[in-house]
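Notes for the structure review
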Amino acid sequence: MVEKRATHGGTCLNVGCIPSKALLHASEAYAEAAHDFAGMGIKVKPELDLAAMLAFKDSGVKGNVDGVEFLLKKNKIDTFHGTGRITAPHTVEVTESKGKTQLATKAIVIATGSEVAHVPGIDIDEKRIVSSTGALSLPNVPKRMVVIGGGYIGLELGSVWSRLGSEVTVVEMLHTITPGLDGELAKQLQRILQKQGITFKLGAKVVKVDAKGKGVTLTVEPVDGGKKETLECDVVLVAVGRVPNTEGLGLDDVGVETHARGRVIVDHKFQTNVPGIYAIGDVIAGPMLAHKAEEEGVAVAEDLAGQAGHVNYDVIPSVVYTAPEVASVGKTEEQLKEAGIAYKVGKFPFTANGRAKVNRTTEGFVKILADEATDRVLGVHIIGPDAGTMIAEAAVLMEFGGSAEDLARTCHAHPTLNEAVKEAALAVDKRALHM
Ligand code: NAI
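Residues numbered from 1 in each chain as written. Predicted model: local features only at pLDDT ≥ 70, side-chain atom pairs only at ≥ 80, totals over all residues. Heavy atoms only, no water.

Where burial is concerned, most of helix H13 (residues 419–427) is hidden: 9 out of the 9 residues are buried. The set of residues buried in H13 consists of Glu 419, Ala 420, Val 421, Lys 422, Glu 423, Ala 424, Ala 425, Leu 426 and Ala 427. Buried-residue contacts for H13 involve strand S20 (343–349), strand S21 (365–371), strand S22 (377–384), helix H11 (387–399) and helix H12 (404–408). (Buried < 20%, exposed > 50% of the residue type's maximum accessible area, 1.4 Å probe, protein only. Helix = DSSP H or I, 4+ residues; strand = E, 2+ residues; numbered from the N terminus. Contact = heavy atoms within 4.5 Å.)

At a minimum axis distance of 9 Å, the contact between helix H2 (residues 17–35) and helix H5 (residues 152–163) shows a crossing angle of 35°. In the crossing of H2 with H5, the sense of the turn from one axis to the other is left-handed. Of H5, the residues touching H2 (which contributes Ser 20, Lys 21, Leu 23, Leu 24, Ser 27, Glu 28, Tyr 30 and Ala 31) are Glu 156, Leu 157, Ser 159, Val 160 and Arg 163. Looking at the contact of H2 with H5, its residues break down into 6 nonpolar, 3 polar and 4 charged. (Axes fitted to C-alpha atoms, helices over the stretch in contact; angles between N-to-C directions. Left-handed = near helix turned anticlockwise from the far one by under 90°. Nonpolar A, V, L, I, M, F, W, Y, C, P; charged D, E, K, R; others polar.)

This next bit is on the pairing of strand S3 (residues 83–88). Taken together, the 5 bridges between S3 and strand S4 (residues 91–96) define a ladder with antiparallel strand orientation. Pairing of Arg 85 across the sheet is with Glu 93, part of S4. Hairpin connection, S3 to S4: the antiparallel pair is bridged by 2 residues. (Pairing = 2+ DSSP bridges.)

Attention shifts here to the nonpolar core. Residues Met 145, Trp 161 and Leu 237 are the most contacted members of the largest nonpolar core, which totals 35 residues. Elements with a contribution of two residues or more to this core: H2, helix H3 (50–74), strand S9 (144–148), H5, strand S10 (167–172), helix H6 (183–195) and strand S15 (235–238). Among the elements that line this core, the one with the most residues is H6, at 5 residues. Excluding its chain neighbours within four sequence positions, the residues that come into contact with Leu 237 are Val 130, Ser 131, Ser 132, Ala 135, Met 145, Val 146, Val 147, Ile 148, Gly 154 and Leu 157. (Core = buried A, V, L, I, M, F, W, Y, C linked by side-chain atoms within 4.5 Å.)

For the rest of this paragraph, the subject is the sheet that holds strand S5 (residues 99–104). Here we have 3 strands laid out as an open sheet, ordered S3-S4-S5, and antiparallel in their pairing. Strands at the two margins of the open sheet, each flanked by one partner only, are S3 and S5. The average angle at which neighbouring strand axes cross in this sheet is 25°, direction not considered.

This brings us to the layout of surface pockets. Roughly 980 Å³ of internal volume is contained in the second largest pocket. In terms of lining, the second largest pocket is formed by 27 residues, of which the most central are Glu 28, Glu 32, Asp 36, Ala 323 and Thr 361. Mapped by element, the contributors of at least two residues to the lining of the second largest pocket are H2, H5 and H6. Looking at side-chain class alone, the lining of the second largest pocket contains 9 nonpolar, 8 polar and 10 charged residues. (1 Å grid on protein atoms, 1.4 Å probe; cavity = no way out; pocket = protein on both sides within 12 Å on 5 of 7 lines; lining within 4 Å. Points joined across faces, edges and corners; volume = space filled by probe spheres on them.)

On the basis of which strands lie adjacent, the open sheet formed by 3 strands has the order S12-S13-S14 and antiparallel pairing. This sheet does not close on itself; its edge strands, each paired only once, are strand S12 (204–210) and strand S14 (229–233). Sheet twist, expressed as the average angle between the axes of neighbouring strands with direction ignored, equals 30°. By the bridge criterion, 5 bridges tie strand S13 (residues 216–222) to S14 in an arrangement that is antiparallel. By the bridge assignment for S14, Thr 217 is matched with Glu 232.

Another aspect to go through is empty space enclosed by the protein. Vacant regions in the atomic arrangement are exposed by a probe of water-molecule size rolled over the atoms. Tallied over the full model, the rule gives 1 cavity of 30 Å³ or more. Lining of the largest cavity is provided by Asp 375, Ala 404, Glu 405, Ala 408, Ala 425, Val 428, Asp 429 and Arg 431. Of the residues in the lining of the largest cavity, the class split is 4 nonpolar, no polar and 4 charged.

Moving on to the site of the ligand. With respect to spatial proximity, 21 residues lie near the ligand, and among them Ile 153, Glu 156, Glu 172, Gly 241 and Val 319 are the closest. Within the contact set of the ligand, an oxygen atom lies 3.2 Å away from a backbone nitrogen or oxygen of Tyr 152. In this structure, Glu 156 approaches the ligand through a side-chain N or O atom, which is 2.9 Å from a nitrogen atom. When the ligand sits alone it has 840 Å² of accessible area, and the protein chains cover 81% of it. Those elements that place two or more of their residues in the shell around the ligand are H5 and S10. If you tally residues by element for the shell around the ligand, the top one is H5, at 4 residues. Residue composition of the shell around the ligand, by class: 13 nonpolar, 5 polar and 3 charged. (Near = heavy atom within 4 Å. Polar contact = N/O pair within 3.5 Å; in protein donor to acceptor, adjacent residues only side chain to side chain. Areas by Shrake-Rupley, 256 points an atom, 1.4 Å probe, with all protein chains shown as cover.)

If you want it as structure tokens, here you go:
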């Protein structure tokens, strides 16, 4: 294992999923204490200690990276802390602080992930113009924050700072947030986030950022034409996507082929055009998600060990960790329409779920899309409390090729939020019980 960071775990553990979820958890608890506790008979006036909250996040990261370090040792994996470069098909050169080491190996797996995509003309200084990394460690709550990009990072980290007191404006180029998400959920999510205080400027592009003065001035232009406007803020978060990390790997020298957008081309066994060199994760095609990369990592290891590795790309869940969460697996309505597949829809709102009612978390719904002819579940989309955990039962069902009827006939414990999933499955054939 060759790793250039001081700690293992990559973007996800060090500056991605784990620290952002720590801040989402803490800021959600803060907002709940401020706005929701009183409704349950708990009187408190929370006070923010941002330095302590950031330390809490850092300790969560440390716990996780230490865990990976322990697992590497336990599994007797040799590790090198340095930068790796492929110098020949079976050779990796590692540049460490003490010098260079040549590693001879049967197989090389490129798992270098991705890095922040930049907007031309906007320089990230990680102080006032930050990427997701800087947004995880702001020393003060900015009075006003502008987020460029209404995708996963923009909405999650925008939520964090909005809950802690920032006036957050999200500028998104498209006419919808979270492109790729089922359109009905994207609209509902936008409505809920607006209610929480986030402002959206859709169909708008940031054309200039001026950070010379005390604050930052952004010039925003409607993509369909029209008048430019300026926005003033204290911090800008650039969250316009990520790009594969292949620079300095030596790919050109050994002749590894990449797509025009920089992703490494692999076959169904994750092998590149150069025998013995494989690639997985954000650096190849597909959604840039840690759990997708993990499945590919296991599959390539199984293949290299002579077993039959396989990843089912039709069943990769995705979750936006806003409040409420948004979780999806399989096809969206838009994708089914485009593919000309006839489908049935079953929907059930959390307002009709007993547990959500007493928990006071009734925003959102479950939507199940099943094949019109066979009843096979093709997609499940949940916006609601703990949707990220709930989506797992849909993923298991789909992995087994299950139908809406299978889900509807499965006994779900009462009172749980998951009963809304069963009810949505019943609703596919218009026989929900509690509506
Ligand atoms: P994203 O691809 O989710 O969203 C980027 C957004 O920026 C898009 O809506 C796009 O239309 C918009 N955009 C692009 N250029 C723009 C411009 N010049 N002005 C305004 N809007 C513009 O990318 P994001 O949020 O940066 O996340 C990066 C990656 O990390 C994604 O692949 C995401 O899947 C992953 N991620 C996953 C998380 C999760 O699983 N919960 C959490 C955070 C990140």
